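# A structural walkthrough
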Amino acid sequence: MVSKTVIFNNHYGMDTYLVMEIIRKARKFESKIEIECDGIKVKNKSTIMLSGLRIKMGSKIIIRTDGIDEEEALETISNLLGIEEDAYKQEIINRKNWEKNWKRIEQEEMEKDRNKSPEEIERELEEIVEEAATAEVKFTIGKRIKLYQNNPNSISLSFRKNKNVPLIFDLVPKAPDFEMITSIDRIWDTMVYRIEKKFRIKSLIWTIVPAMKKRIGNIIEEYVEKKSDIIEEKYLEYPYIYLTVPASTISQVTREIGKAYIVSLKNTLKYEDSGKIIVPTYKEFLLEFDRNFEMPRIEWWW
């Protein structure tokens, strides 16, 4: 048996996708693998049990492996779960130094922006939106078909065995396209962040990003309900349906978000005589955003 202690350093936490990746890699090894955090141990390469560990940024994790490929298994799983304590301490120092330098650079950039003409700022805002819109990224949503239990010994897939029971779907992200989905988050978040910096404000409405994803999801939800007969015939034997919004449509959505976001900020931000910015409430901004935003027609393929 071999073991190793690492410090968890993933800023996004122990999310579903990291858990799935760890279990997928763990099941490739014949060795027994044990993961321990805060005295709680997971031994059977279980997604559910690993998800139950209270692992967060800075958590100390002990990995133990035992078997013919224990060394390789230990190295693989420990690399996924974190870094050694000395490296973690150095990373914290580096991060603090980076944040200090970044704040200084930010202040310098803001001072430069104050001296720019409105036309220059407008061009830079347009460039931010166009840069985000030209990123080649797709958006895939998986729809999990609800299972109905017919008897205590079997669970089978059913759409409408009882015509009085509505066709029900659960909206879930498609795991294999995790990188595509998170890249949309990052592109939109970055665009919003950069626009706000040009207005000299701090992270005003981060919730606009999940709101946009929810709108796309709702459009696809409506489409699935309208096409339920086709889906019933085509996907009776499958537990999942995947619908993908192409990159060209996501580019249109990105442009519309950016343009509406800029106009909405201009219409809702107020300035005191001293130049201090008074930001609107979320409700005020959202009402203005809805007036300026128009969702492009969403198209997809199966």
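Let us look at the structure shown here. (Residues numbered from 1 in each chain as written. Predicted model: local features only at pLDDT ≥ 70, side-chain atom pairs only at ≥ 80, totals over all residues. Heavy atoms only, no water.)

Okay, the packing of helix 9 (residues 247-268) against helix 10 (residues 282-292) next. For any two helices packed against each other, one specifies the inter-axial angle together with the distance between the axes. Remark: helix 9 packs on helix 10, axes separated minimally by 8 Å, with the N-to-C direction vectors making an angle of 130°. Comparing their axes, helix 10 and helix 9 come out oblique. As helix 9 packs across helix 10, the resulting crossing turns out to be right-handed. Each of Ile 257, Ala 260, Tyr 261, Val 263, Ser 264, Leu 265, Asn 267 and Thr 268 in helix 9 lies in contact with helix 10, whose residues at this interface are Glu 284, Phe 285, Glu 288, Phe 289 and Asn 292. (Axes fitted to C-alpha atoms, helices over the stretch in contact; angles between N-to-C directions. Helix = DSSP H or I, 4+ residues; strand = E, 2+ residues; numbered from the N terminus. Parallel < 35°, antiparallel > 145°, perpendicular 65-115°, else oblique. Left-handed = near helix turned anticlockwise from the far one by under 90°. Contact = heavy atoms within 4.5 Å.)

Let us now look at a nonpolar patch on the surface. A surface patch of nonpolar side chains, amounting to about 310 Å² of accessible area, comprises Trp 98, Trp 102 and Ile 105. Inspection of the secondary structure assignment puts Ile 105 in helix 4 (residues 85-114). Residue Ile 105 is classed as partly exposed on the basis of its relative accessible area of 33%. (Patch = residues over 30% accessible without salt bridge, like charges linked within 9 Å, V, L, I, M, F, W, Y side chains within 5 Å. Areas by Shrake-Rupley, 256 points an atom, 1.4 Å probe, with all protein chains shown as cover. Salt bridge = Lys/Arg side-chain N within 4 Å of Asp/Glu carboxyl O. Buried < 20%, exposed > 50% of the residue type's maximum accessible area, 1.4 Å probe, protein only.)

A few words now on the environment of Thr 281. Here Thr 281 is to be found in the loop between strand 11 (277-278) and helix 10. With relative accessibility at 44%, the residue Thr 281 sits in the partly exposed group. Here the alpha-carbon distance between Thr 281 and Leu 269, two residues twelve residues apart in the chain, equals 9.9 Å.

The strand order 1-4-2-3 describes an open sheet built from four strands, whose pairing is antiparallel. The two strands at the open ends of the sheet, each matched to only one other strand, are strand 1 (2-7) and strand 3 (40-42). On average, each strand axis in the sheet is tilted by 20° relative to the strand beside it, whichever way the strands run. Strand direction decides the pairing type here: strand 1 and strand 4 (residues 60-66), joined by six bridges, are antiparallel. Each bridged residue has a counterpart across the sheet, and for Lys 4 the counterpart in strand 4 is Ile 63. Taken strand by strand, helix 3 (residues 70-81) contacts strand 1, strand 2 (32-37) and strand 4, and its axis lies near 10° from that of strand 1. (Pairing = 2+ DSSP bridges.)

Here the focus is the environment of Glu 256. Its location among the elements puts Glu 256 in helix 9. Glu 256 gets classed as partly exposed once you look at its relative accessible area, which sits at 22%. C-alpha separation for the pair Glu 256 and Pro 296, spaced 40 residues apart in sequence, amounts to 7.9 Å. In contact with Glu 256, not counting residues within four places along its chain, are Phe 293, Glu 294 and Pro 296.

A word on the packing of aromatic side chains. Both the distance between ring centres and the angle between the ring planes are used here to describe each pair of aromatic rings. Under the definition given, this model contains four aromatic pairs. Geometrically, the ring pair formed by Phe 289 and Phe 293 is stacked, given 5.3 Å between the ring centres and 15° between the ring planes. The residues Phe 289 and Phe 293 share a single accessibility class, namely buried. (Phe/Tyr/Trp six-rings, centres within 6.5 Å; stacked < 30°, edge-to-face > 60°.)

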